[in-house]
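# A look at the structure
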Amino acid sequence: MADPSSYRPRPGEIPDSPGVYRFRDEHRRVIYVGKAKSLRQRLANYFQDLSGLHPRTRTMVTTAASVEWTVVSTEVEALQLEYSWIKEYDPRFNVKYRDDKSYPYLAVTMNEEFPRVQVMRGHKKKGVRYFGPYAHAWAIRDTVDLLLRVFPVRTCSAGVFKNAARTGRPCLLGYIGKCSAPCVGRITPEDHRELAEEFSDFMAGRTGTYLRRLESRMTEAAEEMEYERAARLRDDIGALKKAMEKNAVVLADATDADLIAVAEDELEAAVQIFHVRGGRVRGQRGWVTDKVEEVTTGALVEHALQQLYGEESGDAVPKEVLVPALPEPVEPVQEWLAGRRGANVSLRVPQRGDKKALMETVQRNALQALALHKTKRASDLTTRSRALEEIAEALDLDSAPLRIECYDISHLQGDDVVASMVVFEDGLQRKSEYRRFQIKGFAGQDDVRSMHEVISRRFRRYLAEKERTGEWADGEEMTAGGGIALGAGGPALTGAGTAPADGGAPLTAEGSAPVDGGPASVDGGPASVDSGPAPVDGTAAPLTGADVIDGALKDDDGRPRKFAYPPQLVVVDGGQPQVAAARRALDELGIDDIAVCGLAKRLEEVWVPGEDDPVVLPRTSEGLYLLQRVRDEAHRFAITYQRTRRAKRFRAGPLDDVPGLGDTRKQALIKHFGSVKRLRSATIEQIQEVPGIGRKTAETIAAALAGAVPAGPAVNTATGEIIEDEEPGTTAGSAGEPVSAGLPDERRGQET
């Protein structure tokens, strides 16, 4: 525990101007971000007598090891920078609202030639109109099903649409009148887009125009004695009214507003938001947060506004925002909201009438959400705390292991040997800290040597990070012109204090592709343990599930680094030999303050170094259950990576060895010749006929294919048919992925 006086800035160092400040811990990780109208007055509050501080504030300042700040010109800039840093650094002592689910939206893809109506979750895309959020996806589908009678907009996926266009036959919705069937040309792109715009207008609340239009057409049809058409229009009007009834009018003046209510106690707070558009409740969502700092209701509202509108712009920010208490001061927040919307925004507390009554309804929802959350979490917190205490007692640890790292080795008969590292903090998965490794030190199957190598590499990186951080220099001067000025300790930064990542690309939550389109790296990032920042084996295959791998970040930017934080407990998947290898690796590095244990699969025995007999935990033990979860997660993560590497190796074809030949030109060659077999028999002049292939490239391709040994016959795994005209990995779209006939299929299932 640090003494705040050890890093307190000297008198006169802190400017008396607006700015944003950051507290960092001993590992240089940002643990708290705040803003102030006067940095001098605000920071002075943190360095008073500890007994006078709020318990949570006292915990924060004693956890911190340094403080630094950035001077800005206005309070609005301070608000914007604070939001950016909280999102960037994810400080543990800041208020962070946790969305309990990914809320579904009704989306109209106006960015496509034929706009599509569908349910969408996650990040919003440019050119798509969103309505919601809704509490349940089925509520969206029910509404859409009613509206398709009147607005028969396309709802099918791109694959279904292309297949219908190819066959000339629409899907079922096209036959029953719930789709205008643009796939087969029944409607022009312009008319279909107009239909989608009318659908969007109706969902936005402009309903009266369409009802009056349909009623007029129904009356005309009846007067002309076209009773069947009149009956259809009558049913359409009924469908629209039924869809409107799902969102009852709550504000008679067709108001566009968001209502935010807060329910709180000493430890937690729940926020509920009602989205009202055109006087009707169009969506609802909520968050829950731990109150890790002393915070008022107005401050909670300010954080909620940042969370809600930080990434929004234009009409997504309503004209009016109703809250239970105003932030202090309110003017910068209103100015920030107006900047996001591009027009004035009214931020106020409702005092009377329908808006106050609706705010009371939102408040009741917030109270119920907080009560439900506390009921769920009480059991979960108790169980996790008991599990950590049982592990500490069984392994004779000084304290509960708040950070546990588990390692597992996976291979297929000695091929594609990889390892995984998973992290649990406070008994919960910390997927942003997961890492994966390729075994490089030797070839073949040896789990003990592999474990020793992985532990050595991981903790050499930890020691290297410690050495790079070093001791912080005292007496740094504040930079001029609004740059970062440090207190007692910490290197000076400039501008907003952000630094680029040194490579590495995070994967998406679904693990389908790197966020920025870059390759995912192994070894915890693009930098290998023993060498400089070089990629390991090029790119790694995508992960599955919800695996997220963060890229490496520079050591002075406060964001999580690859291996900067040590665990209290290292768990290995295996018995006594693997445990001994892990302990030996730590001893060789001079690390003696990290406990090691292993969990053997057969009897679920817990092995510790230097003991001939295992520690046997009761089968009903919460501690044993937590260790099993950690071990099983490491095994899943490792075997997933091993399978992706193996699949990538099997999919490799002869063209992959041709230097300078990218995916686009490979596909063009295969499309032109049909298969690698035909390409191999082609002349240089024939190869040059492919667009983008010059003579030099054609000669390189011909030479590479002439030197390659033709593969054996390929087998279609779906039908068992031998494919004679194609080579493995050279064509796309076959019924099953071709696999070399020489690969013994019985090797499947022997992964470890």
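Here, every reference points to the structure presented above.
Residues numbered from 1 in each chain as written. Predicted model: local features only at pLDDT ≥ 70, side-chain atom pairs only at ≥ 80, totals over all residues. Heavy atoms only, no water.

## Regarding the side chain of Arg-435
On the secondary structure map, Arg-435 appears in strand β16 (residues 435–438). Despite its burial, Arg-435 remains without a salt bridge, the nearest opposite charge being carried by Glu-433 at 4.9 Å. Polar side-chain contacts of Arg-435 include one of 3.3 Å to the backbone oxygen of Ser-432. (Helix = DSSP H or I, 4+ residues; strand = E, 2+ residues; numbered from the N terminus. Buried < 20%, exposed > 50% of the residue type's maximum accessible area, 1.4 Å probe, protein only. Lys, Arg positive; Asp, Glu negative; His and termini not counted. Salt bridge = Lys/Arg side-chain N within 4 Å of Asp/Glu carboxyl O. Polar contact = N/O pair within 3.5 Å; in protein donor to acceptor, adjacent residues only side chain to side chain.)

## Describing the sheet that holds strand β6 (residues 117–120)
Here we have three strands laid out as an open sheet, ordered β6-β5-β7, and antiparallel in their pairing. Sheet topology places β6 and β7 (129–131) at the edges, where each strand pairs with a single neighbour. Between one strand and the next, the sheet's axes are offset by a mean angle of 35°, whatever the strand orientation. Contacts from helix α7 (residues 189–203) reach β5 (105–108), β6 and β7 within the one sheet, and its direction differs from that of β5 by about 150°. (Pairing = 2+ DSSP bridges. Axes fitted to C-alpha atoms, helices over the stretch in contact; angles between N-to-C directions. Contact = heavy atoms within 4.5 Å.)

## As for the packing of helix α10 (residues 297–309) against helix α11 (residues 331–341)
With their axes 12 Å apart at the nearest point, α10 and α11 run at an angle of 10° to one another. Here α11 runs roughly parallel to α10, going by the angle between their axes. The segment α10 lies against α11, with Glu-302, Leu-305, Gln-306 and Tyr-309 engaging Val-333, Trp-336, Leu-337 and Arg-340. Looking at the contact of α10 with α11, its residues break down into five nonpolar, one polar and two charged. (Parallel < 35°, antiparallel > 145°, perpendicular 65-115°, else oblique. Nonpolar A, V, L, I, M, F, W, Y, C, P; charged D, E, K, R; others polar.)

## Describing α11
In an α-helix there are 3.6 residues to a turn, and that puts residues three or four apart on one side. Residues of α11 that are buried include every one of Pro-332, Val-333, Trp-336, Leu-337, Ala-338 and Arg-341, and no others. Once α11 finishes, Gly-342 follows within two positions and takes phi at roughly 85°, a positive value.

## Describing the environment of Val-276
Residue placement: Val-276 occurs in strand β9 (residues 268–277). Given the relative accessible area of 0%, Val-276 is considered buried. In sequence terms Val-276 and Asp-256 are 20 residues apart; their C-alpha atoms lie 5.5 Å from each other.

## Let's talk about unusual backbone geometry
Each neighbour pair has its own omega, and for Glu-328 with Pro-329 the value is -5°, a cis peptide bond. By secondary structure assignment, the location of Pro-329 is in the loop between β11 (320–322) and α11. Its identity is not glycine, yet Arg-28 carries a phi of approximately 70°, on the positive side. Secondary-structure assignment places Arg-28 in the loop between β1 (19–24) and β2 (30–36). For Arg-28, a relative accessible area of 2% gives the class buried. Positive phi outside glycine occurs at Asp-426, with the angle close to 55°.

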